[in-house]
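Working through the structure, step by step
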Amino acid sequence: MKSTDIANPNYFHKVVDCQWACPAHTPVPEYIRQISAGDYTAAYMINWKSNVFPGILGRTCDRPCEPACRRGRVEDEPVAICRLKRVSADYKDDVRPLMPKPASQKNGKRIACIGAGPASLAVARDLAPEGYEVVVFDQDKLAGGMMRTQIPKFRLPETVIDEEVGYVLDLGIEFRGGQRIDSLKSILDQKFDAIFVGTGAPRGRDLDLPGRKEAAANIHLGIDWLSSVSFGHTDKIGKRVVVLGGGNTAMDCCRSSRRLGGEQVTVVVRSGFDEMKASVWEKEDAMHEGIPILNWLVPKEFTHRDGKLTGVIFEKVKAVLDAKGRRDLVPTGEPDTLIECDDVLLAVGQENAFPWIEKDVGVEFDRWGMPKVDPATHQSTLPKVFFGGDAAFGPKNIIWAVAHGHEAAVSIDKFCRGENIAERPSPLTNLVSQKMGIHEWTYENGVSNDLRFKVPQKETAIALRNIKTEVELGFDPKLGHAEAQRCLNCDVQTVFSAKLCIECDACVDICPIDCITFTDDGEESDLRSRLLAPAKNLTQDIYVQDGLKTGRIMAKDEDLCLHCGFCAERCPTGAWDMQKFSLEITHAGPGCRSKA
Amino acid sequence: MSYLAKPKFHHPDIETNELGFTHRDYEGSISTLCAGCGHDSISSAIMRACFELSLPPHRIAKLSGIGCSSKTPTYFLGQSHGFNSVHGRMPSVLTGANLANRDLIYLGVSGDGDSASIGFGQFAHSIRRGVNMVYIVENNGVYGLTKGQFSATSDRGSKSKRGVVNTDSAIDLAATALQLGATFVARSFSGDKSQLVPLIKAAIEHRGSAFIDCISPCVAFNNHEGSTRSFDYVRSHNAALNKLDYITGRAPITTDYEPGSTQVVKLHDGSTIRLSKIGADYDVHDRVAAMHHLHTRQATGEIVTGLIYLDGEPHDLHDSLNTVTTPLNELNTPDLTPGQKALDAINASLR
Ligand SMILES: Cc1cc2nc3c(=O)[nH]c(=O)nc-3n(C[C@H](O)[C@H](O)[C@H](O)COP(=O)(O)OP(=O)(O)OC[C@H]3O[C@@H](n4cnc5c(N)ncnc54)[C@H](O)[C@@H]3O)c2cc1C
Ligand SMILES: Cc1ncc(C[n+]2csc(CCOP(=O)(O)OP(=O)(O)O)c2C)c(N)n1
Ligand code: SF4
Ligand code: SF4
Ligand code: SF4
Ligand SMILES: [Mg+2]
């Protein structure tokens, strides 16, 4: 096998599983160490730089980092990365003095952001301090997008949104709230140097079933209903509610219903429980509040009497694999089920809609009605118009919207300077030894045996009384510290130097996970089978180094390494060293520009 | 050394043996020896061998003297019995323990100082008596614990770290053991576990005195240029006699061996050792030839490793003493004081 090129920034980045999986590549272990050290402010600022909304994300993030977390491969559960982010937000000092200041000098370029969701706000945050004059438009009076209008307040309090949206708007950004854009042309006419479209995926999918029209007064589109609740226009619902759909919107609908008068709230899903789109924890939270989730039921008809909804009829189905191995839902033949109810909430999908973009301005759409957008640069077919967030590639989540915002801001910065936007900046990386003494490191290399701690919650009876009462209380500093200690410091890399190695085997003998093998060279698949412990996880690399005196190679399976540093402590020659790998994504600004 | 305890997490697919133990269940507390010490590798090989043989840890007794090497039993088999005797006295304590309870597996762990200097006499007598044990000398050519003085196994002409040349001739412990009648003699190298682990396994199964002289570089005081116990020197002068495969009785034989190049040796418990010969035609059953071979190769500066000698019909001290098969420590009052009738019978037989 070829010796590993550790100079390639992707190599060690991949070892930091959480950071690699985070769309914004937040330096997770670095902020977790700051939490361990009690420096919540530093932890917050690391997050703020990468993901702009630590307090919001610390409560609501989809957390793609957690299924990736190495801890989850070593024991049962990953580190509670997301909720630790909240710890940093909850216990930080005043961070305003640490925020960038509005640019003292403008650079003369004007940028329009349409929609004030996380994608647009990330663009604005990256560009304003660089001297851009950024104008953000939104049809709603307040900025925040779906973070404000969709996510219920019992998951995300208004104060947190106000604070973090405020940090962005305070950077000298002009926010024009309550202004719906009905024509892209009208914006193009205002001679902006670039336009960012961050209008989200605003349309809820409807279900055209018998009875839909007749019972319309009590059948609501989930996302419209949630925003109406959020604005305070809706404050009650019937006693018996059926929520159709298995995603996170369905979970927010059912839990909101429980707080607005719904006593018998039922979620009904076409597919099985495990295939539901909602995150595991959202399902748990709903069930914890006394909401049953019924699976394998397809809605057939809304029943009604005298123009009033009386219930929904469902057909029982099961999944079978067709000849091509595709999954099909077929009726089981059992009698249909009627669930009586007073209201139905439809949470069966979300769609994009761009009625306000004229067909002839130069922004091309594909046959599904989605804009043609370059996945790397976010540029549309009209060069000065960029798309990001849910508007670009369909509904995702906040952290993806932020990541898109960063990339689009880089493109806009380069575009306004006449640079080639296809040339993407490389990340800023560094690799620094953590050695302080023979067995002293700048990080705590002891491995905690604790299992994942649960986030304390408000008592359900109290939580259900008021839709604005936050359910999760968050970790207190003590629990936060204990949870932070579970992090394995995967950014502190084991760096091997073959020319120092005397092949004494000390590292092989001490490694608790049997990661290290000195053996004869071979092809990767052959090598994987010959290591001290089987290296079956093909998504994780084997670190290979030749140049040893005996002609063998050093092969280390990165998969389960605890980053405990024992190999380096036991090495007599310093052939292993623990070096902290830091990687920062290059955002808009001087760093992203061509060095010409 | 490390301060922290070794993390308890292990590989989720870690192998288990017949007892359901993983190799980590054979660990002791974390080593306090210098990082990279050959002795730690030998500890590791011992743990591996016991794991592979599925030995119940509580049926093993580790005995040692004084020295870095003699400290190592603390670092392996944490659930076994142990006795750390005074300097050079491991063999007599082991002999006593073995007489009292013949059912345990005895691992005598010693150093070249412990066995070739202060304990030379004890070493000699335990071997010539044929105590059933595995006697391992972790041979680094120096007194490591007392900061690197030449030991009696250090080669004449070898240079100390400070540049002083050793003028005394060396004791070859393997050759001595052969001469003293050991029924299993081997030499190995801490840096070659593929050779060392099967040797330890075979030595454990051997019913007699099994002696392993294991070269073990002292990274602090004897791993420099001019030393004849450094990793580099041993690797470049290693004349391996054979490659070993230890096969337990039940395991089916899966590998095909080229005829002529392989010697199959049956052990008493039904297991086999397959020796793939390297280099010269060598018969492990010929004690005289073995001694000759050792001396010849040594004269050319080579270090002979591998299984040097094996007696197919070993004897044990218990055989010579004709002791009962029940361990002495399990004999109870009726066995030991059979009563007046029995005494009368004995007295009558002597009249
Ligand atoms: C019920 C629900 C719960 C969710 N929960 C979570 C969660 O817990 N975690 C998570 O990560 N994600 C969650 N999401 C998804 C997340 O909210 C979105 O992915 C994210 O907000 C998308 O950000 P964005 O910037 O692309 O657009 P949005 O947040 O959708 O913002 C778009 C903004 O553009 C405005 N706008 C649209 N058209 C126009 C126009 N023509 N003129 C002016 N303004 C316009 C809208 O008013 C809106 O404010 C949830 C979504 C829903 C529906
Ligand atoms: C009766 C007695 N004499 C001398 C000593 C000092 N002493 C301690 S260890 C040692 C030599 C150990 O050498 P070796 O057995 O080779 O062990 P190593 O440390 O090299 O592994 C000596 C002389 C002692 N502890 N007790
Ligand atoms: S840091 Fe070293 S000793 Fe610890 S698990 Fe990783 S490779 Fe093994
Ligand atoms: S401990 Fe150091 S010198 Fe020894 S084998 Fe490992 S890397 Fe090489
Ligand atoms: S002094 Fe030598 S023998 Fe003792 S622990 Fe250190 S390296 Fe090993
Ligand atoms: Mg010694």
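Residues numbered from 1 in each chain as written. Chains lettered and ligands numbered in written order. Predicted model: local features only at pLDDT ≥ 70, side-chain atom pairs only at ≥ 80, totals over all residues. Heavy atoms only, no water.

1. Let's talk about the overall build of chain A
Along its length, chain A carries 22 helices and 24 strands. Over its C-alpha trace chain A gives a radius of gyration of 27 Å, about what one expects of a compact globule, namely 25 Å for 596 residues. Each principal axis of the C-alpha atoms in chain A carries an extent, and together these give about 90 × 65 × 50 Å. Contacts in chain A between residues far apart in sequence, at least 24 positions, make up 72% of those at least 6 positions apart. Working note: accessible area of chain A is about 24800 Å², and carbon and sulfur atoms make up 51% of it. (Helix = DSSP H or I, 4+ residues; strand = E, 2+ residues; numbered from the N terminus. Rg over C-alpha atoms; globule rule 2.2 N^0.38 Å. Contact = heavy atoms within 4.5 Å. Areas by Shrake-Rupley, 256 points an atom, 1.4 Å probe, with all protein chains shown as cover.)

2. Remarks on the interface of chain A and chain B
Opposite the 35 residues of chain A that make contact, chain B presents 31 residues. Carbon and sulfur atoms supply 56% of the area that chain A and chain B bury against each other, a total of about 2700 Å² over both sides. On the surface where chain A and chain B come into contact, there are five salt bridges. Salt-bridge contacts for Arg570(A) lead to Asp40(B); the nearest nitrogen and oxygen are separated by 2.6 Å. Counting every contact that joins chain A to chain B gives 16 residue pairs in polar contact (both at pLDDT 80 or more). Class assignment of the residues belonging to the side of chain A that touches chain B gives a composition of 17 nonpolar, six polar and twelve charged. (Buried area = accessible area lost by both parts, 1.4 Å probe. Salt bridge = Lys/Arg side-chain N within 4 Å of Asp/Glu carboxyl O. Polar contact = N/O pair within 3.5 Å; in protein donor to acceptor, adjacent residues only side chain to side chain. Nonpolar A, V, L, I, M, F, W, Y, C, P; charged D, E, K, R; others polar.)

3. Here's the deal with unusual backbone geometry
Residue and element names in this part refer to chain A. The phi torsion at Asp306 lies on the positive side, around 50°, for a residue other than glycine. Positionally, Asp306 belongs in the loop between strand S10 (297–305) and strand S11 (308–321). Asp306 sits in the exposed class, given a relative accessible area of 78%. Positive phi values are uncommon outside glycine, yet Asn489 reaches one of about 55°. (Buried < 20%, exposed > 50% of the residue type's maximum accessible area, 1.4 Å probe, protein only.)

4. Comments concerning the side chain of Lys193(B)
Within the secondary structure, Lys193(B) is located in helix H7 (residues 193–205). The class of Lys193(B) is buried, set by a relative accessible area of 17%. Among the polar contacts listed, one links the side chain of Lys193(B) to the side chain of Asp509(A), at a separation of 2.7 Å.

5. Quick word on the pairing of S10(A)
Residue and element names in this part refer to chain A. As paired strands, S10 and S11 are joined by eight bridges and run antiparallel to one another. Within S11, the residue paired with Pro299 across the bridge is Phe314. Linking two consecutive strands that pair antiparallel, namely S10 and S11, is a turn of two residues; a positive phi of about 50° is found at Asp306 within it. (Pairing = 2+ DSSP bridges.)

6. Quick notes on the coordination of the magnesium ion (ligand 6)
Residue and element names in this part refer to chain B. Protein coordination at the magnesium ion (ligand 6): the donors are Asp112 (OD), Asn140 (OD1) and Val142 (O), at 2.0 to 2.2 Å from the metal. Here the donor residues of the magnesium ion (ligand 6) share one chain and are spaced in sequence as D-x27-N-x1-V. A relative accessible area of 4% places Val142 in the buried class. (Donors = N, O, S within 2.8 Å, 3.2 Å for Na, K, Ca; no water.)

7. Observations regarding the packing of helix H14 (residues 248–259) of chain A against helix H15 (residues 280–288) of chain A
Residues and elements named next belong to chain A. It is the contact of H14 with H15, at a shortest axis distance of 10 Å, that shows an interaxial angle of 20°. Classified by the angle their axes make, H14 and H15 are roughly parallel. The crossing of H14 and H15 is left-handed. Across from Asn248, Met251, Asp252, Cys254 and Arg255 in H14, the residues of H15 making contact are Glu282, Lys283, Asp285 and Ala286. Here the residues of the contact of H14 with H15 are counted per class, giving three nonpolar, one polar and five charged. (Axes fitted to C-alpha atoms, helices over the stretch in contact; angles between N-to-C directions. Parallel < 35°, antiparallel > 145°, perpendicular 65-115°, else oblique. Left-handed = near helix turned anticlockwise from the far one by under 90°.)

8. A short note on the nonpolar core
In this structure, Ile46(B), Phe184(B), Ile200(B), Ile212(B), Ile273(B), Leu307(B) and Ile308(B) are the most contacted members of the largest nonpolar core, which totals 67 residues. Within the second largest apolar cluster, 60 residues are counted, among which are Phe475(A), Val492(A), Val495(A) and Cys511(A). (Core = buried A, V, L, I, M, F, W, Y, C linked by side-chain atoms within 4.5 Å.)

9. What about helix H6 (residues 173–180) of chain B?
Residues and elements named next belong to chain B. Of all eight residues in H6, six are buried, a share of seventy percent or more. Three or more residues of H6 are buried, namely Leu173, Ala174, Ala175, Thr176, Ala177 and Leu178. Two residues or fewer past H6, Gly181 is found with a positive phi of approximately 100°.

10. Overview of the site of ligand 3
Not every one of the 13 residues close to ligand 3 is listed here, only the nearest: Cys511(A), Cys561(A), Leu562(A), Cys564(A) and Cys567(A). Considered class by class, the residues forming the shell around ligand 3 number nine nonpolar, three polar and one charged. (Near = heavy atom within 4 Å.)

11. Section: the pattern of salt bridges
Residue and element names in this part refer to chain A. Applying the stated criterion to the full structure yields 63 salt bridges over all chains. Here Glu130 makes a salt bridge to Arg593, at a shortest N to O gap of 3.6 Å. On the criterion of sequence distance, the pair formed by Glu130 in the loop between helix H9 (118–127) and strand S2 (133–138) and Arg593 in the segment after strand S24 (576–584) is long-range, its members being 463 residues apart. According to the relative accessible area criterion, Glu130 is partly exposed, its value standing at 27%.

12. Details of the domain arrangement of chain A
When the parts of a complex come together, some accessible area is lost, and that lost area is often used as the size of the interface. All names here are of chain A. Partitioning chain A into structural domains gives domain 1 (1–20 + 427–596), domain 2 (99–202 + 352–416) and domain 3 (204–349). Relative placement of domain 1 and domain 3: their C-alpha centres are 43 Å apart. Each partner contributes to the interface: domain 1 provides eight residues, whereas domain 3 provides nine residues. With both sides pooled, the region where domain 1 packs onto domain 3 buries about 720 Å², and carbon together with sulfur makes up 56% of that total. Ranking the residues of domain 1 by area buried against domain 3 places Thr460, Leu464 and Ile467 at the top, with a combined share of 69%. The tally of links from domain 1 across to domain 3 stands at zero salt bridges. Of the residues belonging to the side of domain 1 that touches domain 3, the class tally is four nonpolar, three polar and one charged. (Domains from an automatic or database assignment.)

13. Focus: the pairing of S11(A)
Residue and element names in this part refer to chain A. Judged from the four bridges that link them, S11 and strand S13 (residues 337–340) form a sheet pairing that is antiparallel. Following the sheet pairing, Val312 is matched in S13 by Ile339. Two elements, S11 and strand S12 (residues 327–331), share five bridges in a ladder whose sense is antiparallel. Bridge pairing in S12 places Val317 opposite Pro331. Following S11, the chain reverses through five residues before pairing antiparallel with S12; Gly325 in that reversal takes a positive phi of roughly 85°.

14. Quick notes on the sheet that holds strand S17 (residues 428–433) of chain A
All names here are of chain A. Spatially, three strands are ordered S17-S24-S20 in an open sheet, and the strand pairing comes out antiparallel. The open sheet terminates on both sides in strands that have one partner only, identified here as S17 and strand S20 (492–496). Looking at each pair of strands side by side, their axes are set apart by 35° on average, direction ignored.

15. Some thoughts on the sheet that holds strand S8 (residues 264–268) of chain A
Residues and elements named next belong to chain A. The strand order across the open sheet formed by five strands is S6-S14-S7-S8-S9, and the pairing between neighbours is parallel. Whereas interior strands pair on both sides, the edge strands pair on one side only; in this sheet they are strand S6 (219–221) and strand S9 (293–294). Pairing between S8 and S9: two bridges, direction parallel. Paired with Val268 across the bridge in S9 is Leu294. Along the sheet face, helix H13 (residues 222–231) touches S6 and strand S14 (343–346) and points at about 85° away from the line of S6.

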